[in-house]
Amino acid sequence: MEHTGALILAAGKGTRMRSERPKVLHTLLGEPMVWYVYQALDGLVPEAAVWTVVGHGAQQMRAAFPGRTPGFVVQERQLGTGHALQTAWPALGEAGVGTLLVVNGDTPLVPRAALAALLEAFQARRPALAFLTVDLPDPGAFGRVVRGPGGDVAAIVEAKDYDPTTHGPESGEINSGIYVLDMAAVGPLLSRLDNSNASGEFYITDLVDLAARAGLPVLGVRAGADPQLLGVNSPVELARAEELLRARIVDGLLEAGVMIHQPGTTVVGPRAVLEPGCEISGPCEILGATRVAAGASVGAQTWIRDSDIGPGALVRPFCHIEGAQVGPDCQIGPFARLRPLAVTEQGARVGNFVEMKKARLGPGAKAGHLSYLGDAQVGAGANIGAGTITCNYDGKNKHQTVIGQDAFIGSNTALVAPVRIGDRALVGAGSVITKDVGDDMLALERSRQRELPRRK
Ligand code: UD1
Ligand code: CA
């Protein structure tokens, strides 16, 4: 059965980014460019019918999108966008793709609605090829759309190849790099692409000229002046696109009832969920799959990624929180660092200069100052004194520290794991604890203070 597929062109190096990282892995608000393209396709084309041409940094692409690799087609040498299409063609044919949506992987802001509109226009008119165009008075490095006297598209001419004496004055209409192809109609043209142009590359855009010359209908669908359809090629363009998206997300949250102070300095990623009724103070960054529940508040200068901030929780300024779970009504910071798998349960408190990793603070437990809790379980109501350190690493392996409920750990205590402190136990300040302490016991490990007359 013939069906609709999608092809993302993402093999290029992105020379203008001046970076070794494949361009489409450069991020906006913490997510790679091409992630946004996948999102836009979601719901339009089933994931199994989405192919991605990878090449430069293919290994990094595989690592970033392991679930997508069945759809990866490798273009060993990046000889141009037309060559990318040629490379993917056999796989698309074998899969029975009849209508192909092609999207440049460096167009992260493309709205799903724009792709849907192009597909719709294609279905209604059934041309050989349709593509979206943008009105851009200063067309920069984009491909120029050339139309004939009747308004029909005649060609797309790349910036480097554009010559007003042959192509006429600039029209201000550019190619977005988003196309729909009728595979049967375009197939015979594909082998006729050549690289006799200023870049020495095989251009997908030459299909337009080839189709028009062959008398096949080509449709240039005008999308107006939408900046969301512009490809990103350089740090400047990336920063502009990121700012556009940031402002859009923050405005949407404000409209939905999230209180954001200093919205102009607040960064919220596209996967973050901020519930109406939470309160955020900029500047801050909330990225990845983070949720901030209603009634929670996040202070300024805080960075959060892939974490859950529970209802009524208070995250004070200057916290760094990643892969952590902050329970309801907890108080965190200022200057707290919660690393992956840090969990604070209902009403627990984490104060300044406390670091937690793979550690759980039970309900109402407190670690107020200057501590490291790694690979640790702390029972409900326990109090961790200032300067308490779990010595979890012996140089080879990590070990657990378990602290019972309502235990009290005096200041400047080293807990050498594996070790267990019983419920309601008390550890005297300055102790180095290497053996388990029983329930309700007092443990003290420190040298006796001596007092001698001062030598004169
Ligand atoms: C391309 C279009 C241009 C259009 C612009 C819109 C061509 C020749 N030109 O130009 O008309 O205005 O997009 O943004 O297509 N890629 C590969 N393999 C390659 C080369 C590129 O997969 O061999 C991928 C890139 O990773 C990128 C996309 O194709 O995601 C577009 O390539 P790029 O070099 O950025 O094309 P532009 O010069 O921007
Ligand atoms: Ca581009």
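Described below are features of the structure shown in this document. One numbering rule holds for all chains: residues counted from 1, following each sequence as written. Here every chain gets a letter starting at A, and every ligand a number starting at 1, in the order they are written. Totals for whole chains, interfaces and linings use all residues, but because this is a predicted model, local features are given only for residues with pLDDT of at least 70 and pairs of side-chain atoms are given and counted only at 80 or more. Excluded from the side-chain calculations are hydrogens and water; all other atoms, namely the structure's heavy atoms, are used.

### Looking at a nonpolar patch on the surface
Residues Phe318, Phe335, Phe353 and Leu370 make up a contiguous nonpolar surface patch of about 410 Å² in total accessible area. What counts as a helix is a DSSP run of H or I of at least four residues, what counts as a strand is a run of E of at least two, and both are numbered from the N terminus. Along the chain, phenylalanine 335 turns up in the loop between strand S24 (331–332) and strand S25 (337–338). Patch criteria: residues need more than 30% relative accessible area and no salt bridge. Like-charged residues are merged within 9 Å; nonpolar side chains of Val, Leu, Ile, Met, Phe, Trp and Tyr are merged within 5 Å. Working definition of accessibility: Shrake-Rupley area with a 1.4 Å probe, residue cover restricted to the visible protein chains. Take a side-chain nitrogen of Lys or Arg and a carboxyl oxygen of Asp or Glu: if they are within 4 Å of each other, that pair is a salt bridge.

### Observations regarding the pairing of strand S1 (residues 3–9)
Counting buried residues along S1, 5 of its 7 residues qualify, which places the element largely inside the surrounding structure. When DSSP finds two or more bridges between two strands, those strands count as paired. With 7 bridges connecting them, S1 and strand S6 (residues 97–104) associate as parallel partners. Bridging across to S6, histidine 3 finds its partner in valine 97. Sheet topology places S1 next to strand S4 (residues 50–54); 4 bridges connect them, and they run parallel. Within S4, the position partnered with leucine 9 by the bridge is valine 53. Three labels apply to residues, based on accessible area from a 1.4 Å probe with only protein chains included: buried if under 20% of the type maximum, exposed if over 50%, partly exposed otherwise in between.

### Side note on the coordination of the calcium ion (ligand 2)
Coordination angles at a metal have ideal targets, namely 109.5 degrees for four tetrahedral donors and 90 or 180 degrees for six octahedral donors. Keep in mind that water is not among the atoms, so a site may look incomplete; donors are the N, O and S atoms within 2.8 Å of the metal, or 3.2 Å for Na, K and Ca. Coordination sphere of the calcium ion (ligand 2), protein contribution only: Asp106 (OD) and Asn233 (OD1), at 2.2 to 2.4 Å. Of this pair, aspartate 106 sits in the loop between S6 and helix H4 (112–125) while asparagine 233 sits in the loop between strand S11 (218–222) and helix H8 (235–256); the two residues are 127 residues apart in sequence, bridging distant segments of the chain. You'll find aspartate 106 and asparagine 233 in the same group, each marked buried.

### Thoughts on the site of ligand 1
If even one non-hydrogen atom of a residue comes within 4 Å of a molecule or strand, that residue is called near it. Ligand 1 sits among 26 residues. The nearest are Gln75, Gly80, Thr81, Glu158 and Asn175. In this structure, an oxygen atom belonging to ligand 1 sits 2.9 Å away from a main-chain N or O atom of alanine 11. Contacts described as polar in this section are N or O atom pairs within 3.5 Å, which, within protein, must combine one atom able to donate a hydrogen with one able to accept it, while residues neighboring in sequence count only if both atoms come from side chains. At a separation of 2.8 Å, an oxygen atom of ligand 1 approaches a polar backbone atom of glycine 80. Across the complex, the protein chains shield 91% of the 750 Å² of accessible surface that ligand 1 would expose by itself. Counting residues per element, the ones that place at least two in the shell around ligand 1 are helix H3 (81–94) and strand S10 (173–182). Here the shell around ligand 1 takes 3 residues from S10, the largest share from any one element.

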